[in-house]
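Close look at the chain arrangement
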Amino acid sequence: MAAQEMDNSTTWGKELWDQFDNIATHTQKGIDFIERFGGFIRDRSAIEVEYALKLRRLVKNYQPKKSKEDEENEFSSLIAFKNVLKEVADLAGQREVVAENLQNQVLQGILLLAKNLREERKKALNQGATLTQSLHTQIGTLDRAKRSYEKAFREAEKAIESYHKADADFHLSRADVEKQRVNMNIRNSQSEDAKSEYANQLQITNKQQQQHYQIALPEVFNRLQELDEKRTRGMKEFIKRSADVEYEVSPIIAHCLEGIVKAADSINEKDDSMIVIEKYQSGFQPPGDIPFEDLSKPDPDAANNSQTHNSSTGLNHMTGKGTTKDKLKKRVGIFGIFTGNKNNLSTDGLKEDFSDLPPTQRRKKLTAKVQELQQKVAQEQAASDGLMKMKGVYEANSMLGDPRTVEEQLNESVNRLDRLRHELLRYQKLLEQANNQSFIQHSPQSNRVIQNGQRSSRHSNGSSNHENSHEDNGEDHPDDAGSLSSSASPESGLGTSHTSLPGSGQGSTNEQPMNEEFYEADTPLGTCRALYPFDATSEGSIPMSEGEELQVIEVDQGDGWTRVRRFSSKGWEEGFVPTSYIECTLYA
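Residues numbered from 1 in each chain as written. Predicted model: local features only at pLDDT ≥ 70, side-chain atom pairs only at ≥ 80, totals over all residues. Heavy atoms only, no water.

Moving on, we come to the overall build of the chain. A tally of regular secondary structure across the chain gives 11 helices and seven strands. Burial analysis of the chain (588 residues in total) assigns 38% to the buried set. If you take every contact in the chain between residues at least 6 apart in sequence, the share linking residues at least 24 apart comes to 69%. Summed over all atoms, the accessible surface of the chain reaches about 34,900 Å², with 52% contributed by carbon and sulfur. (Helix = DSSP H or I, 4+ residues; strand = E, 2+ residues; numbered from the N terminus. Buried < 20%, exposed > 50% of the residue type's maximum accessible area, 1.4 Å probe, protein only. Contact = heavy atoms within 4.5 Å. Areas by Shrake-Rupley, 256 points an atom, 1.4 Å probe, with all protein chains shown as cover.)

Quick look at the structure:
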């Protein structure tokens, strides 16, 4: 109660009863201040929007471009960077939320409050000005009454004095004296009337002044005080609200930062190193010892070797050292004009049997091709079975449809299925042949020796005409570890398969450059965790243990199997596992 009395006794109406102009100025400055605070919120919102826009532009500018030639999209560092970009984009979205909430919840409230305060202040000041003007009018009336009383009083005094002089003057007649007495009485009566009016106006003025300074004007001042306190309280609430806007997005921002840290933790330098091995491993063995050649002993095959060397090294020099990768791409089509096997190329510039790739890369391509064909066969088989069932239903009930309508579709499906199975069988044989090659393939550097200051192509055992001992029938020669084909390194741009040997029926050594740059491994679509152990019993599947983490290479196509990849002691392994046995987490 004492605190409440103190609050009532310290109101503007009692403490600032005579500070009308200063109160008016103060309240105006307060409204100007809160409007300035609104300008601060508006400019801050604009900065938040600009910041979000620049963050989004930054993410867009640094987004890795998707390309068939992009060979780094499997690396954990690049995947982590993509996740970082995603989180930064989410951060930009949160800054936009902050800007929107500042405008809708803070700025709009400030503008509305300032408008209401300005209207209320105007009403209060108008009322105060009216009360003050009324008081000033009454005081003016009192002043006039006082001046009238003072004038009448002085005239009454003069009339009394004139009467007494006339009454004492014996030279004046009785009529003159009576005239002065009548004038005196009139002036005294006017003075009394003016005195009464003055007293009445004084009473009215005092009452109005008391009412003005103790009741009416304090009410106006108290309204202005409430208005100013409302403005101050609103300032407090809006500042807190602007902080709450930040608090509301803080959990999401923290989640984004956690995602960035998680992306960083997902980087595994060992896995990335193994991916590099997986991408570029050729399958060749390191070069053996270079044999000593005794020049004092005649070599009957020197002339033939020199001739073979000149043609091969000249070609290597042309395609390996003096040609860029872009030029090599163009030469695929140019050299294909002069070969009879130009239609034996796939859409990515590689041969259909991938014989122009190193052994390891060829096996990977063949495995992927076999898996792709197996899926196509399964899908086509399902489509054919569906057509067969539909035909049987139509034959059993002709009301449902004419079985001849699906006859043509069924025949086309069977033909496609036969072609796919034939192609699958061909690639399975190629893969089996590639896997069963037991000979040691030396790298191209192992077949080059320096003789008389010039390069010549030799086998590691010193033989130079081993390649001529084979009958060329257009197939690979697994026992041939020499010849020009093995002397063409991936850096030279020439194929390493015997299908590119001169005179082998597959075109010259210039027919296909090494298209290692066109090779692109399957990019992980996400990760998965094994819910149950699985023992691989069918072809193309791989085993897994419960809780094991694997990479998802291809999602379920409706057959109940998911293609995954894992790293084991044998290196990277790919295969299919039951979809119901795993829990997948795909990348966004």
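Read on, since the account is not over.
This part covers the side chain of R121. Following the sequence through the fold, R121 ends up in helix α4 (residues 76-168). An unpaired buried charge is present at R121: no salt bridge exists, and D32, the closest side chain of opposite charge, is 8.1 Å distant. For R121, the side chain forms a polar contact with the main-chain oxygen of A24, separated by 2.7 Å. Every residue in contact with R121, bar those within four places of it in the chain, is listed here: A24, T27, Q28, I31, L224 and L227. (Lys, Arg positive; Asp, Glu negative; His and termini not counted. Salt bridge = Lys/Arg side-chain N within 4 Å of Asp/Glu carboxyl O. Polar contact = N/O pair within 3.5 Å; in protein donor to acceptor, adjacent residues only side chain to side chain.)

What follows covers the nonpolar core. Residues I34, F37, I41, L102, V106, I110 and F238 are the most contacted members of the largest nonpolar core, which totals 20 residues. When sequence neighbours within four positions are dropped, the list of residues in contact with I110 reads I34, F37, G38, I41 and F238. F354, L373, V377 and L430 belong to the second largest nonpolar core, which has 13 residues in total. (Core = buried A, V, L, I, M, F, W, Y, C linked by side-chain atoms within 4.5 Å.)

Turning our eyes to something else, we now look at a nonpolar patch on the surface. The grouping of L58, Y62 and F81 at the surface amounts to a nonpolar patch, some 300 Å² of accessible area in total. If you trace the backbone, F81 turns up in helix α4. (Patch = residues over 30% accessible without salt bridge, like charges linked within 9 Å, V, L, I, M, F, W, Y side chains within 5 Å.)

What follows deals with the pairing of strand β5 (residues 561-568). Burial of β5 is extensive: six of the eight residues sit out of reach of the surface. In this sheet, β5 lies alongside strand β4 (residues 549-554) in antiparallel orientation, the contact comprising three bridges. Counted as the bridge partner of Q551 is R565 from β5. Adjacent in sequence and paired antiparallel, β4 and β5 are bridged by six residues, among which G558 carries a positive phi angle near 105 degrees. Sheet topology note: the β5/strand β6 (residues 571-578) ladder contains eight bridges and is antiparallel. (Pairing = 2+ DSSP bridges.)

Below, the discussion takes up the environment of K146. In this fold, K146 is placed in helix α4. Judged by relative accessible area, which is 36%, K146 ranks as partly exposed. Along the primary structure K146 and A194 are separated by 48 residues, whereas in three dimensions their C-alpha atoms are 7.8 Å apart.

Each α-helix turn comprises 3.6 residues. Residues three or four places apart therefore point the same way. Between the first and last C-alpha of helix α5 (residues 174-265) there are 131 Å, a value that for 92 residues agrees with the 136 Å anticipated at 1.5 Å per step. At H212, α5 is deflected by roughly 50 degrees, the largest bend along its length. (Expected span 1.5 Å × (residues − 1). Bend = angle between axes of the 7 residues up to and from the residue.)

Turning next to the pattern of salt bridges. Overall, the coordinates contain 23 salt bridges when judged by the stated rule. Measuring nitrogen to oxygen at the nearest pair gives 3.0 Å for the salt bridge that ties R95 to E246. Of this pair, R95 sits in helix α4 while E246 sits in helix α5, and the two are 151 residues apart along the sequence. With relative accessibility at 22%, the residue E246 sits in the partly exposed group. Between E574 and R565 there is a salt bridge whose closest N-O contact spans 3.3 Å.

Turning our eyes to something else, we now look at the pairing of β4. Of all six residues in β4, five are buried, a share of seventy percent or more. Here strand β3 (residues 526-530) pairs with β4 via four bridges, running antiparallel. For C528, the partnering residue across the bridge sits in β4 and is L550.

Right, let's talk about the sheet that holds β3 for a bit. In space, the five strands of this open sheet follow the order β6-β5-β4-β3-β7, with antiparallel pairing throughout. Each edge of the open sheet is held by one strand with a lone partner, namely β6 and β7 (582-586). The sheet shows a mean angle of 35 degrees between the axes of neighbouring strands, taken without regard to direction. Pairing of β3 with β7 involves five bridges; the strand directions are antiparallel. Counted as the bridge partner of G526 is L586 from β7. (Axes fitted to C-alpha atoms, helices over the stretch in contact; angles between N-to-C directions.)

With that settled, the discussion passes to the confidence of the model for the chain. Here the chain averages 75 in pLDDT, while 73% of its residues score no lower than 70. Confidence scores differ between elements of the chain, with helix α11 (residues 483-486) showing the lowest mean pLDDT of 34 and helix α3 (residues 20-61) the highest of 94. Here residues 1-6 is a poorly scored stretch, pLDDT under 50, and it has zero contacts once near neighbours within four places are set aside; other chains count. Confidence drops under pLDDT 50 across residues 305-343; counting only partners more than four residues distant or on other chains, this segment forms 53 contacts. (pLDDT = per-residue confidence, 0-100.)

Right, let's get into the packing of aromatic side chains. According to the stated counting rule, one finds nine aromatic pairs in the structure shown. Ring centres of F20 and F221 lie 5.9 Å apart, and the angle between their planes is 25 degrees; this geometry places the pair in the stacked category. Pair noted here: F20 is in helix α3 and F221 is in helix α5, with a separation of 201 residues, a long-range link. The ring centre of Y427 lies 4.8 Å from the NZ or CZ of R426, which sits over that ring. Seen from the ring of W572, R565 lies directly overhead, with NZ or CZ sitting 5.3 Å from the centre. (Phe/Tyr/Trp six-rings, centres within 6.5 Å; stacked < 30°, edge-to-face > 60°. Lys NZ or Arg CZ within 6 Å of the ring centre and 35° of its normal.)

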